[in-house]
Amino acid sequence: MLSAERIVLGACWLAWAWPFAFRAPHYQKRPSITAMAPSITGLLLEVLAVVIALAFRLPPSHPPGPVRILASMVAGLIAAALSWTSVQHLGKQFRVNAGLYQDHELVRTGPYRVVRHPIYSSVLAILLSTILLLTPGGGRRCRCCYSWWDRDRVRTEDKLLASRFGPEFAEYRKKVPAYLPFVR
């Protein structure tokens, strides 16, 4: 039988994934440049982190305590809020693969005022939500996969944005952290 916490975690995952699946503009027919290798590698590492979080479960004899449950729910709600607002503010700039459209604009509104890559922040938050509720020891293996994915993906996207927007992006990058508020 499913616990209430796991039902809420499932609802957080659904709320997090919904805008990517149903609100983001897919299959845009606009000229673009794409960095496929970091995109594919990143998606595989992201999936691996989630699989690890689901595979290395807390034993039934040691359920998560109330602090972990509450922290998990907060992280899940943050993840969902970030995914919805990120997709909304990206609009036609949204893409799954790292790249830029020919008419790409530098988005600095909504969550992009706080972090340059709020979608990655949302991935980290939903992964953290899962780790806190299901995985013993804080999910060190999951964080390792996420770190590899994040580092390559952020570097790739930052290079693309710097090549297109030059000094405008350099100034934005100085003022706004990559994906964790207040962390440079």
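Just so it is clear, the model here is predicted, and its values are computed rather than measured.

A. Region of the structure containing the nonpolar core. Of all hydrophobic cores here, the largest spans 28 residues; its most connected members are F94 and I119. Looking at this core, the elements with two or more residues in it are helix 1 (4-23), helix 3 (66-90), strand 2 (98-101), helix 4 (118-134) and helix 5 (140-175). In this structure I119 touches F20, S86, L90, F94 and Y112, once residues within four positions along its chain are discounted. In terms of nonpolar packing, the next biggest core, distinct from the first, is built from five residues, L9, M73, L133 and L134 among them.

B. Layout of the layout of surface pockets. Approximately 670 Å³ is the volume attributed to the largest pocket. Together, 36 residues line the largest pocket, and R95, I119, Y120, R153 and E157 are the ones closest to its centre. Ranked by residues supplied to the lining of the largest pocket, first place goes to helix 5 with seven residues. Looking at side-chain class alone, the lining of the largest pocket contains 24 nonpolar, six polar and six charged residues.

C. The arrangement of helix 1 in detail. Over its 20 residues, helix 1 runs 28 Å from end to end, which matches the ideal 28 Å to within 8%, given 1.5 Å per residue. The sharpest bend along helix 1 comes to roughly 35°, located at A17, with the proline P19 sitting one to four residues further on. Among all positions of helix 1, only L9, C12, W16, P19 and F20 are buried. On its buried face, helix 1 is in contact with helix 2 (36-55), helix 3 and helix 4.

D. Highlighting the side chain of T156. Looking at the secondary structure, you find T156 in helix 5. With a relative accessible area of 16%, T156 lands in the buried category. Apart from residues no more than four positions distant in its own chain, T156 is found in contact with A35, P38 and A98.

E. Focus on the pattern of salt bridges. By the definition in use, this model includes eight salt bridges. In this structure, D103 and K92 form a salt bridge, with 3.5 Å as the shortest nitrogen-oxygen distance. On the criterion of sequence distance, the pair formed by D103 in the loop between strand 2 and helix 4 and K92 in the loop between helix 3 and strand 2 is long-range, its members being eleven residues apart. A residue is classified by how much of its surface remains accessible, and K92, at 39% relative accessible area, is partly exposed. The residue R108 makes a salt bridge to E168 at a minimum N-O spacing of 2.8 Å. Of this pair, R108 sits in the loop between strand 2 and helix 4 while E168 is found in helix 5, placing the two residues 60 residues apart along the sequence.

F. Looking closely at the packing of aromatic side chains. Scanning the entire structure with this criterion turns up five aromatic pairs. Ring geometry for W13 against W16: centres 5.3 Å apart, planes inclined by 80°, an arrangement best described as edge-to-face. With W13 and W16 both in helix 1 and three residues apart, the pair spans about one turn of that helix. Cluster of aromatic residues (ring-pair linked, three or more members): W13, W16, F20 and F94. If you follow R30 out to its NZ or CZ, it ends over the ring of Y101, 3.8 Å from the centre. Just above the ring of Y101 sits the side chain of R95; from NZ or CZ to the centre is 4.7 Å.

Rules and cut-offs
- In this numbering scheme, every chain counts its residues from 1 along its sequence in written order.
- Predicted model: local features are reported for residues with pLDDT of at least 70 only, side-chain atom pairs are reported and counted for 80 or more only, and whole-chain, interface and lining totals are derived from all residues.
- Only heavy atoms go into the side-chain values, all of them from the structure, while hydrogens and water stay out.
- The set of buried Ala, Val, Leu, Ile, Met, Phe, Trp, Tyr and Cys residues whose side-chain atoms join them within 4.5 Å is what this entry labels a nonpolar core.
- Per-residue accessibility, obtained with a 1.4 Å probe over protein chains only, is compared with the maximum for each type, and a residue is labelled buried under 20%, exposed over 50%, and partly exposed between these values.
- Numbering goes from the N terminus for both helices and strands, where a helix is a DSSP run of H or I of at least four residues and a strand is a run of E of at least two.
- Any two residues whose heavy atoms approach within 4.5 Å at even a single point are treated as in contact.
- Note on definitions: the grid is 1 Å and covers protein atoms alone; a cavity is a set of points where a 1.4 Å probe fits but cannot get out; a pocket is an open set with protein on both sides within 12 Å along at least five of seven lines; lining residues have an atom within 4 Å of a point.
- Grid points are joined across faces, edges and corners, and a volume is the space filled by probe spheres set on the points.
- Under the scheme applied, nonpolar residues are Ala, Val, Leu, Ile, Met, Phe, Trp, Tyr, Cys and Pro; charged residues are Asp, Glu, Lys and Arg; polar residues are all the others, including Gly.
- Residue count minus one, scaled by 1.5 Å, sets the expected span of a helix.
- One axis fitted to the seven residues ending at a residue, another fitted to the seven starting there: the angle between these axes is the bend at that residue.
- The salt bridge definition used is simple: a Lys or Arg side-chain nitrogen within 4 Å of an Asp or Glu carboxyl oxygen.
- Aromatic contacts are taken between Phe, Tyr and Trp rings whose centres are within 6.5 Å, Trp giving its six-membered ring; a plane angle under 30 degrees counts as stacked, one over 60 as edge-to-face, and the others as tilted.
- Both a distance and an angle decide whether a charge sits over a ring: NZ of Lys or CZ of Arg must be within 6 Å of the ring centre and within 35 degrees of the ring normal.

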